[in-house]
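Summary of structural features
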Amino acid sequence: MRIAGLKLAFVLSAALAAAGSAWAANEQAAAANAKEAEAMVKKGVAYIKANGKDKGFAEITRRDSKEFHDRDLYLAVHRMDGTAVAHGTNDKMVGKNFIDIKDIDGKEYIKERVDFAKSKQTFWTDYKFVNPVSKKIEPKTAYCERLDDYIVCGGIYK
């Protein structure tokens, strides 16, 4: 009886470990990658150019947008002064200035974007932010492109 109980515990333990590994693999497979972030930013820039800023920013901010919201990947757009004009996961951010905002490590990541955009057309920037899927603060890297006086970014969680 004791051996049967140990065998059952071992089998359950192995099954739980396998399920955990499969879940982790699915979570990793479900996360966006750098190529997808770059492609979405380029699509966002093209959409804004083709449809105008008002329609483009509204579509990027629309949470159920199939164009600009995919798993943990979404776009955010800021003016060169740090004011958010579009945000794919939080429309309450639109209209607010984030030039002095800091991540959990004290990094002024919006200020960094603005500084980079003054001298570069495209760039990557690292910071920590809440992952919309896990709801946890995680390391993130964002691909950004300057469009006139705006910075269009899409990031991936590491």
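The rules behind these values
Residues numbered from 1 in each chain as written. Predicted model: local features only at pLDDT ≥ 70, side-chain atom pairs only at ≥ 80, totals over all residues. Heavy atoms only, no water. Axes fitted to C-alpha atoms, helices over the stretch in contact; angles between N-to-C directions. Helix = DSSP H or I, 4+ residues; strand = E, 2+ residues; numbered from the N terminus. Parallel < 35°, antiparallel > 145°, perpendicular 65-115°, else oblique. Left-handed = near helix turned anticlockwise from the far one by under 90°. Contact = heavy atoms within 4.5 Å. Nonpolar A, V, L, I, M, F, W, Y, C, P; charged D, E, K, R; others polar. Phe/Tyr/Trp six-rings, centres within 6.5 Å; stacked < 30°, edge-to-face > 60°. Buried < 20%, exposed > 50% of the residue type's maximum accessible area, 1.4 Å probe, protein only. Lys NZ or Arg CZ within 6 Å of the ring centre and 35° of its normal.

1. Details of the packing of helix α2 (residues 34-51) against helix α3 (residues 53-61)
Helix packing for two helices is described by the angle between their axes and how far apart those axes are. Packing of α2 against α3 leaves a shortest axis separation of 7 Å and a crossing angle of 140°. Relative to α3, the element α2 is oriented oblique. The element α2 and its partner α3 pack so that their crossing is right-handed. Across the interface between the two elements, Tyr47, Ile48 and Asn51 of α2 pack against Lys53, Lys55, Gly56, Phe57, Glu59 and Ile60 of α3. Here the contact of α2 with α3 is composed, by residue class, of 4 nonpolar, 2 polar and 3 charged.

2. Remarks on the packing of aromatic side chains
The tally for this structure, following the rule as stated, stands at 7 aromatic pairs. For the pair Tyr47 and Phe68, a centre-to-centre distance of 5.4 Å together with 80° between the ring planes defines the contact as edge-to-face. With Tyr47 in helix α2 and Phe68 in the loop between α3 and β1 (69-70), the pair connects residues that are 21 residues apart, well separated along the chain. For Tyr47, a relative accessible area of 18% corresponds to the buried category. We classify Phe68 as buried; its relative accessible area is 1%. Consider the rings of Tyr109 and Phe129, whose centres lie 6.2 Å apart with planes at 75°: the pair is edge-to-face. Remark: Phe129 occurs in strand β4 (residues 122-130) and Tyr109 occurs in helix α4 (residues 109-119); sequence separation between them is 20 residues. Note on accessibility: Tyr109 and Phe129 belong to one class, buried. Cluster of aromatic residues (ring-pair linked, three or more members): Tyr109, Tyr127 and Phe129. If you follow Lys43 out to its NZ or CZ, it ends over the ring of Phe68, 6.0 Å from the centre. Cation over ring: Lys120 sits above Phe116, and NZ or CZ is 4.6 Å from the ring centre.

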